[in-house]
Amino acid sequence: MKAIGLDIGTTSVCGIVIDAQSGIVLKKEEKANNSWLDSDKQWEKAQDPNTILSVVQEILESLFDETVVSIGVTGQMHGIVYLNAAGEPVSPLYTWQDERGNLPYQDTTYAAALNSYTGYGYVTHFYNKQNGLVPDEATVFCTIHDYVAMKIAQQTKPVIHASDAASFGQFDIERCVFTADDPLLPAIVPDYTKIGTYKGATVSVAIGDNQASFMGSVCGSDSVLVNAGTGSQVSVVTKKAVATTGIEIRPYIENQYLMVGCSLCGGKAFAVLENFLRETVSLMTGSPCAPLYDVMNRLLATTEASSVTVDTRFLGTREEPNLCGSITGLRADTFSPIELLHGTVNGMANELYSLFNRMNSSCKALVGSGNGIRKNAAFAKALSDTFNASLKIPLHKEEASFGAALFSLVTANIYPCIEDAQKIIQYEV
């Protein structure tokens with residue numbers, strides 16, 4: 001038996017086939033998400049949902065065979081696409097990076113007026129309503145992966161899991177209901193809901209990528225997951241939905257929640273420094289400079305840690321979007337590229353650890369996922385040192401896709417619960 005997991009990311013779409021007994025990834029297909037739409041508005045970040053669906057369908061056709069029993073779908077949360085009564089998109093996908101919520105509204109911003117954050121689906125919808133941008137034909141809005149799962153299952157009306165519903169904002173996670181009264185909000189369905197079939201295989205309701213990454217990375221509920229990519233998160237399971245400053249409480253599964261601390265810059269902080277160094281070389285030499293990541297990683301592996309402190313919140317935080325990063329501790333003998341390299345990876349780890357400290361939780365097991373960790377050994381070491389725990393990295397590299405596949409196996413009754421399904425996760429030695 002096999003399962004397929006699909007992950008619709010902001011920059012790429014990934015699909016994998018896993019063996020349902022061993023957890024081995026048997027096949028992988030990944031394609032670029034080249035669906036960005038041009039806009040004359042700097043704050044607008046939108047993609048074409050039809051282009052995304054076409055890419056997913058190509059991947060699915062390549063991966064599917066008659067031994068596949070289930071298909072799980074996950075993807076970028078917060079963003080929304082409007083659909084008509086036939087289940088066809090009548091708008092772009094307004095992604096999680098869309099910044100219309102930060103625009104002025106009355107004496108505040110659209111996001112602040114809802115006590116929410118820019119990029120959250122209902123904030124985007126609120127802006128669109130106030131500015132006459134909701135399409136007349138729209139009957140519902142949903143995430144991109146809700147739309148894709150609906151299409152795969154040959155349905156015409158999307159449904160949504162709590163993990164995605166909460167990502168819109170205006171949601172009561174304890175009662176699992178929207179707090180906004182709006183006819184365009186989708187219906188919320190329980191864990192492990194089968195929404196249809198694809199060539200006989202069970203298609204499960206789509207889930208949020210943060211939850212899917214957690215499912216596909218940890219074995220047991222007592223782990224701390226650090227995921228580093230374009231943005232970074234630190235996540236812990238809890239049975240109580242207790243709000244903490246700067247920490248989101250997100251629905252997980254089986255009456256549990258995830259406490260999530262988000263670094264908006266995340267792994268991009270390393271890219272920011274690489275761009276600075278590369279631009280410096282180009283300006284000094286008058287010639288284009290090749291990417292410097294390999295050189296940076298080699299230098300980090302062969303030099304000592306830094307005494308320079310780098311605050312890597314270069315994109316602010318959700319609470320303070322205008323917050324800037326900083327560099328402190330500079331002296332004549334520390335003002336050097338080497339010091340900035342070490343200071344940056346330590347700063348990335350420190351930001352996540354400071355978020356973890358707000359969760360009032362212990363770190364019994366530390367798991368790392370995402371290319372920001374896999375491709376940066378110095379950052380992985382900084383996380384281990386900062387959290388004072390050995391870092392385990394899953395053997396598979398497609399954590400969100402893997403988690404979606406595990407979720408679908410439970411939906412198809414191959415495993416009785418997600419904890420049993422997670423036992424097939426293997427880790428690097």
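Residues numbered from 1 in each chain as written. Predicted model: local features only at pLDDT ≥ 70, side-chain atom pairs only at ≥ 80, totals over all residues. Heavy atoms only, no water.

Caption draft 1: Seen up close, the sheet that holds strand β18 (residues 223-228). Taken together, the six strands give an open sheet; going across it, the order is β20-β21-β19-β18-β24-β25, and neighbouring strands pair in mixed fashion. Each end of this open sheet is capped by a strand with a single partner; those strands are β20 (248-251) and β25 (391-392). Sheet analysis places strand β19 (residues 232-238) next to strand β21 (residues 257-263), joined by seven bridges and oriented antiparallel. Looking across to β21, one finds that Ser232 is bridged to Ser263. Where helix α9 (residues 337-357) meets the sheet, its contacts fall on β18, β19 and β21, and the angle it forms with β19 comes to roughly 25°. (Pairing = 2+ DSSP bridges. Helix = DSSP H or I, 4+ residues; strand = E, 2+ residues; numbered from the N terminus. Contact = heavy atoms within 4.5 Å. Axes fitted to C-alpha atoms, helices over the stretch in contact; angles between N-to-C directions.)

Caption draft 2: Inspection of helix α1 (residues 49-63) at higher detail. Here α1 spans 21 Å end to end across 15 residues, near enough to the 21 Å set by a 1.5 Å rise per residue. Taken as a whole, α1 has its buried residues at Pro49, Ile52, Leu53, Val55, Val56, Ile59, Leu60 and Leu63. Projected onto a plane normal to the axis of α1, the buried residues spread over an arc of 160° and lie on a single side. In this structure Asp48 caps α1, since a side-chain oxygen of it lies 3.1 Å from the backbone nitrogen of Asn50. (Expected span 1.5 Å × (residues − 1). Buried < 20%, exposed > 50% of the residue type's maximum accessible area, 1.4 Å probe, protein only. Arc of directions from axis to C-beta. Polar contact = N/O pair within 3.5 Å; in protein donor to acceptor, adjacent residues only side chain to side chain.)

Caption draft 3: Spatial organisation of a nonpolar patch on the surface. On the surface, Val272, Phe314 and Leu315 cluster together to form a nonpolar patch covering roughly 220 Å² of accessible area. Mapped onto the elements, Leu315 comes out in the loop between β22 (309-311) and β23 (326-328). You can call Leu315 partly exposed: its relative accessible area is 40%. (Patch = residues over 30% accessible without salt bridge, like charges linked within 9 Å, V, L, I, M, F, W, Y side chains within 5 Å. Areas by Shrake-Rupley, 256 points an atom, 1.4 Å probe, with all protein chains shown as cover. Salt bridge = Lys/Arg side-chain N within 4 Å of Asp/Glu carboxyl O.)

Caption draft 4: Structural view of the pairing of β18. With respect to burial, β18 is a largely interior element, six of its six residues being buried. Relative to strand β24 (residues 365-369), β18 runs parallel, the two sharing five bridges. The residue bridging Ser223 from the neighbouring strand is Ala365, located in β24. Pairing between β18 and β19: five bridges, direction antiparallel. Directly across from Val226, in β19, lies its bridge partner Val234.

Caption draft 5: Representation of unusual backbone geometry within the structure. For Gln106, which is not a glycine, the phi torsion comes out positive at approximately 50°. Along the chain, the position of Gln106 falls in the loop between β8 (104-105) and β9 (108-109).

Caption draft 6: Representation of the pattern of salt bridges. Under the criterion given, the structure shown has 18 salt bridges. With its nearest N and O atoms 2.9 Å apart, the salt bridge here joins Glu274 to Arg278. With Glu274 and Arg278 both in helix α7 (residues 268-285), this residue pair falls four residues apart, about one helical turn. A relative accessible area of 2% means that Glu274 is categorised as buried. Measuring nitrogen to oxygen at the nearest pair gives 2.7 Å for the salt bridge that ties Asp385 to Lys381. Of this pair, Asp385 and Lys381 both sit in helix α11 (residues 377-387), four residues apart, which is roughly one turn of that helix. Here the salt bridges do not stand alone but share partners, grouping Lys28, Glu30 and Glu398 into one network.

Caption draft 7: Quick peek at the environment of Ser354. One can find Ser354 in helix α9. When the C-alpha positions of Ser354 and Asp420 are compared, they lie 32 Å apart, and in sequence the two are 66 residues distant.

Caption draft 8: Spotlight on the side chain of Thr124. Relative to the helices and strands, Thr124 resides in helix α3 (residues 121-130). A relative accessible area of 1% places Thr124 in the buried class.

Caption draft 9: A look at the packing of aromatic side chains. If you walk through the whole model with that rule in mind, you get 18 aromatic pairs. Through pairs of rings, three or more aromatic residues link up here, namely Tyr82, Tyr94, Phe141, Phe168, Phe171 and Phe178. (Phe/Tyr/Trp six-rings, centres within 6.5 Å; stacked < 30°, edge-to-face > 60°.)

Caption draft 10: Examining α11 more closely. Every buried residue of α11 is listed here: Phe379, Ala380, Ala382, Leu383, Ser384, Thr386 and Phe387. One or two steps after α11, the chain reaches Asn388, where phi turns positive at roughly 55°.

Caption draft 11: How the structure looks around the environment of Gly316. Here Gly316 is to be found in the loop between β22 and β23. On the accessibility criterion, Gly316 (1% relative accessible area) is buried. Each C-alpha atom of the pair Gly316 and Ser263 lies 8.6 Å from the other, and the pair is 53 residues apart in sequence. Once residues within four sequence positions are removed from consideration, Gly316 is found in contact with Leu264, Pro321 and Leu323.

Caption draft 12: Up close: the pairing of β19. Burial within β19 is extensive, with seven of its seven residues counted as buried. Judged by which residues are buried, β19 turns out to be covered on both faces: Ser232, Val234, Val236 and Thr238 on one side and Gln233, Ser235 and Val237 on the other are all buried. The turn joining β18 and β19, which pair antiparallel and follow one another in sequence, is formed by three residues.

Caption draft 13: Representation of the state of the cysteines within the structure. Considering all chains together, one arrives at zero disulfides under this definition. The thiol of Cys262 is unpaired, and the distance to the nearest cysteine sulfur, on Cys265, comes to 13 Å. (Disulfide = S-S within 2.5 Å.)

Caption draft 14: Focus on the packing of α9 against α11. Remark: α9 packs on α11, axes separated minimally by 9 Å, with the N-to-C direction vectors making an angle of 40°. It follows from the interaxial angle that α9 and α11 lie oblique. Between α9 and α11 the crossing geometry is right-handed. On α11, the residues touching Val345, Asn346, Met348, Ala349, Asn350, Leu352, Tyr353 and Phe356 of α9 are Phe379, Ala382, Leu383, Thr386 and Phe387. Broken down by class, the residue content of the contact of α9 with α11 amounts to ten nonpolar, three polar and no charged. (Parallel < 35°, antiparallel > 145°, perpendicular 65-115°, else oblique. Left-handed = near helix turned anticlockwise from the far one by under 90°. Nonpolar A, V, L, I, M, F, W, Y, C, P; charged D, E, K, R; others polar.)

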